[in-house]
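A structural walkthrough
One letter stands for each residue in the lines below.
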Amino acid sequence: MSSASTVLQSQEAEDRAATLRNRARLGANKNLLFWYRELYRDQFRDLPNPATLSILEIGSGTSPLKQFLSNVITSDVLDLDYLDLVFDCHEIDKLDAIKDNSIDVITLTNVLHHLKNPLEFVNRSASKLKSGGQVIATEPFFSPLSTPIFKYLHHEPVDFRISQPELGNVRGPLVSANIALPWLIFFRRREWLQRLNENFDLASLSMRPFSALSYMASGGISRKLPIPHFVYRWLFLVDLAISRRFPWFCAAFFTVTLTRR
């Protein structure tokens with residue numbers, strides 16, 4: 001076995017172990033689970049009955065979505081025994097397990113910024129969506145409040161100076177990231193976004209902020225802060241309202257909805 005293959009296998013094993021740890025931590029954090037529950041409600045709020053739809057989730061390793069929507073088809077690039085599908089989403093158009101033109105929604109939460117080429121993935125995903133089907137993704141939003149948190153307190157890289165909408169160095173599905181990448185695509189580099197125009201109706205593109213500090217107040221994946229749950233629920237509602245009222249000042253996440261032509 002070559003040294004490169006050994007390194008890749010070692011990195012995959014580390015990522016798999018980290019995913020299992022993160023999944024356990026999320027499940028034990030009642031406030032963080034509440035944040036995710038509210039996020040999913042917001043992601044699917046314009047769909048009449050998500051429980052009846054064909055929904056594919058990309059990057060389900062840590063995600064609790066299936067706890068709230070049992071009909072979701074879970075998937076990840078990591079081989080985990082609780083997933084429905086294991087595949088590289090960059091090759092979704094070649095996936096025989098899902099028929100073309102059969103999916104109502106493809107959803108991703110904090111996954112696009114881990115992909116080698118997120119625009120390539122989104123374009124290839126169109127083949128699996130029904131006409132009018134949607135890609136719904138939630139990613140970090142860079143406001144004056146959230147930017148220093150993401151740049152100096154968060155462990156994942158932030159690079160605003162990239163010349164192309166892709167990751168330059170891919171070492172594994174968890175450690176490879178640029179959390180600024182989706183924000184640049186959807187808010188700063190219109191010419192990058194136009195690369196989706198052939199498959200998706202950009203005129204109907206929907207983007208809305210979601211929360212400011214409530215994710216951080218939950219402790220996130222890495223820690224659990226001692227905020228009573230009834231207090232956290234109230235703080236979340238205030239935080240959400242403020243992020244919607246003053247997104248360019250304090251929002252920390254945004255949800256984008258793309259509709260297939």
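Residues numbered from 1 in each chain as written. Predicted model: local features only at pLDDT ≥ 70, side-chain atom pairs only at ≥ 80, totals over all residues. Heavy atoms only, no water.

**Description of the packing of aromatic side chains**
Enumeration according to the criterion identifies 21 aromatic pairs in this entry. With a centroid separation of 5.2 Å and 85° between ring planes, the pair formed by Phe141 and Phe187 is classed as edge-to-face. With Phe141 in the loop between strand E5 (129–140) and helix H5 (146–153) and Phe187 in helix H6 (residues 181–188), this residue pair connects regions lying 46 residues apart in the sequence. Between Arg23 and the ring centre of Tyr82, over which it is positioned, the NZ or CZ distance is 3.8 Å. (Phe/Tyr/Trp six-rings, centres within 6.5 Å; stacked < 30°, edge-to-face > 60°. Helix = DSSP H or I, 4+ residues; strand = E, 2+ residues; numbered from the N terminus. Lys NZ or Arg CZ within 6 Å of the ring centre and 35° of its normal.)

**Considerations on the sheet that holds strand E7 (residues 253–259)**
Strand order in the open sheet formed by five strands is E1-E4-E5-E7-E6, with mixed pairing between adjacent strands. Strands with a single pairing partner mark the edges of an open sheet, and in this sheet they are strand E1 (55–57) and strand E6 (206–209). Averaged over all pairs of adjacent strands, the angle between strand axes in this sheet comes to 15°, irrespective of strand direction. By the bridge criterion, four bridges tie E6 to E7 in an arrangement that is antiparallel. When the bridges of E7 are listed, Pro209 appears paired with Phe254. (Pairing = 2+ DSSP bridges. Axes fitted to C-alpha atoms, helices over the stretch in contact; angles between N-to-C directions.)

**Structural notes on the environment of Val86**
By the element assignment, Val86 lies in strand E3 (residues 85–86). Given the relative accessible area of 40%, Val86 is considered partly exposed. Along the sequence, Val86 and Asp76 sit ten residues apart, while their C-alpha atoms lie 5.2 Å from each other. In contact with Val86, not counting residues within four places along its chain, are Asp76, Val77, Leu78, Asp79 and Leu80. (Buried < 20%, exposed > 50% of the residue type's maximum accessible area, 1.4 Å probe, protein only. Contact = heavy atoms within 4.5 Å.)

**Here we look at a nonpolar patch on the surface**
There is a patch of nonpolar side chains on the surface, built from Trp234, Leu235, Val238, Ile242, Phe246 and Phe249 and spanning about 600 Å² of accessible area. Considering every element that reaches the nonpolar patch, the biggest residue donor is helix H9 (residues 229–245), with four residues. As for its position among the elements, Phe246 is in the loop between H9 and helix H10 (247–250). Residue class for Phe246 comes out partly exposed when judged on its relative accessible area of 44%. (Patch = residues over 30% accessible without salt bridge, like charges linked within 9 Å, V, L, I, M, F, W, Y side chains within 5 Å. Areas by Shrake-Rupley, 256 points an atom, 1.4 Å probe, with all protein chains shown as cover. Salt bridge = Lys/Arg side-chain N within 4 Å of Asp/Glu carboxyl O.)

**Points about unusual backbone geometry**
In this structure, Asn101 is a non-glycine residue whose phi angle is positive, near 60°. For Asn101, the location among the structural elements is in the loop between E3 and strand E4 (103–109). Overall, the relative accessible area of 43% leaves Asn101 in the partly exposed class. Backbone geometry at Ser211 places phi at a positive 70°, although glycine is not the residue there. Position of Ser211 among the secondary structure elements: in the loop between E6 and helix H8 (214–217).

**Things to note about helix H2 (residues 30–43)**
Note that an α-helix has 3.6 residues per turn; residues three or four places apart therefore point the same way. Taking 1.5 Å as the rise per residue, H2 with 14 residues should run 20 Å; its terminal C-alpha atoms sit 20 Å apart, in good agreement. The buried fraction of H2 is high, at eleven of 14 residues. Listed in full, the buried residues belonging to H2 are Asn31, Leu32, Leu33, Phe34, Trp35, Tyr36, Glu38, Leu39, Tyr40, Asp42 and Gln43. Regarding H2, its N-cap is Asn29, as a side-chain oxygen of that residue lies 3.2 Å from the backbone nitrogen of Asn31 further along. (Expected span 1.5 Å × (residues − 1). Polar contact = N/O pair within 3.5 Å; in protein donor to acceptor, adjacent residues only side chain to side chain.)

**What to know about the environment of Ser125**
Secondary-structure assignment places Ser125 in helix H4 (residues 118–125). Put simply, Ser125 and Leu108 are 17 residues apart on the chain and 12 Å apart in space, counted from C-alpha to C-alpha. The contact partners of Ser125, leaving out residues within four places of it in the chain, are Ile92, Ile106, Val135 and Phe200.

**Overview of the nonpolar core**
Core analysis: the biggest nonpolar cluster contains 67 residues, and Trp35, Ile58, Ile106, Leu108, Phe121, Phe186 and Leu258 have the highest contact counts within it. The biggest single contributor to this core is H2, with seven residues. When residues no more than four places from it in sequence are discounted, the contact partners of Ile58 are Ser75, Phe87, Cys89, Ile92, Ile106, Thr107, Leu108, Val111 and Phe121. (Core = buried A, V, L, I, M, F, W, Y, C linked by side-chain atoms within 4.5 Å.)

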